[in-house]
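A look at the structure
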Amino acid sequence: MTDLEQRIREAYDAQHASEALRGRTLALLEEERKRRPDAPSVEVHRASLRRRPRVRVVTAWAACLLLALALVGAYGVYRAPSAFVDIEVNPSLELTVNTFGIVIEAEALNDDGAVVLGAVDMLNRPYGDVIGALLSSDAFGSYAEKDAFIDVNVVSENNRLGESLVAQSDEALSSASCEHACRRADSATRDAAAAAGLGVGRYQAAQELMSLDPSYTLEECASMTMRQLRDRIDACHSGQEGDSYEGHGHGQGAGKGYGHGRHGN
């Protein structure tokens, strides 16, 4: 009996098969060996079988790696800013929105905005839910009174997303008792506003007012609410600025605190 046959017999002896079954199996193996002398040995097959689990392990690790890379890529897409929404009454906020319309960052642009930011959960929520939560919150809602003016500016190179955010803002604010404006703005305006330490809407209103009445300064405009800015702009257009706001440098900052200053953009 060859060494190969001996090992085969021992392997079969280790199993509790019948003597007849073991005999038939060995006979078949011997017959196959004589018929195909060039056939690979049982030992070769065993070596091949020993390698297969290792191949399967490598394949599994490769699949896990690909899955991890896919998850990292998906997370990168989720965290990538696709739009910026500046919301200003006197509280000034800038919300960063991803391509899925989810708010991924929220920044307070003045002191009142910081109070609102601390009171309303905004992160990782659809923008429509966030604007609704803002309006229903005491922290923000107290500013959205009948005589207030809410200004919303959307900056995005994604036209579909930009128009959707404007529409959602307009729909949510349509139920508010105060006036509002929702529109698109460009990146250059946002950059200029950030350099001035202001939100987009307040910066645009300040630029308009200063062009109409150069006696106003950017610092004065920054201390006003959006309602005050719009009223002064309207007065300038109607030629009533001198009568309605004589000595405009006095008494600004009345009402709820008007701290300002954009934080790291």
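Residues numbered from 1 in each chain as written. Predicted model: local features only at pLDDT ≥ 70, side-chain atom pairs only at ≥ 80, totals over all residues. Heavy atoms only, no water.

Going by an unreviewed UniProt entry, the protein chain carries the name Anti-sigma factor RsgI-like middle domain-containing protein and comes from Adlercreutzia rubneri.

1. Considerations on unusual backbone geometry
Despite not being glycine, asparagine 124 shows a phi value in the positive range, around 60 degrees. Here asparagine 124 shows up in the loop between α4 (111–119) and β4 (125–126). (Helix = DSSP H or I, 4+ residues; strand = E, 2+ residues; numbered from the N terminus.)

2. Describing the pairing of strand β2 (residues 92–97)
Where burial is concerned, most of β2 is hidden: six out of the six residues are buried. Residue alternation in β2 divides its side chains into two sets, Ser92, Glu94 and Thr96 and Leu93, Leu95 and Val97, and both sets are buried. In this sheet, strand β3 (residues 102–108) lies alongside β2 in antiparallel orientation, the contact comprising five bridges. What sits directly across from threonine 96, in β3, is glutamate 105. Linking two consecutive strands that pair antiparallel, namely β2 and β3, is a turn of four residues; a positive phi of about 80 degrees is found at glycine 101 within it. (Buried < 20%, exposed > 50% of the residue type's maximum accessible area, 1.4 Å probe, protein only. Pairing = 2+ DSSP bridges.)

3. A few points about the packing of helix α5 (residues 127–136) against helix α7 (residues 159–173)
In contact at an axis separation of 10 Å, α5 and α7 are set at 30 degrees when each is read in the N-to-C sense. Viewed along their axes, α5 and α7 adopt a mutual orientation that is roughly parallel. Considering the relative orientation of α5 and α7, their crossing is right-handed. On α7, the residues that touch Tyr127, Gly128, Ile131 and Leu135 of α5 are Leu165, Gln168, Ser169, Ala172 and Leu173. Taken together, the residues of the contact of α5 with α7 sort by class into six nonpolar, three polar and no charged. (Axes fitted to C-alpha atoms, helices over the stretch in contact; angles between N-to-C directions. Parallel < 35°, antiparallel > 145°, perpendicular 65-115°, else oblique. Left-handed = near helix turned anticlockwise from the far one by under 90°. Contact = heavy atoms within 4.5 Å. Nonpolar A, V, L, I, M, F, W, Y, C, P; charged D, E, K, R; others polar.)

4. Let's talk about the sheet that holds strand β6 (residues 179–185)
Taken in spatial order, the six strands make up an open sheet running β4-β3-β2-β1-β5-β6, and their pairing is mixed. The open sheet has two edge strands, β4 and β6, and neither has a second partner. Strand direction decides the pairing type here: strand β5 (residues 149–155) and β6, joined by seven bridges, are parallel. Bridged to aspartate 151 within β6 is alanine 181. Against the sheet, α7 makes contact with β1 (83–88), β2, β5 and β6, and its axis sits at roughly 175 degrees relative to β6, the strand it touches most.

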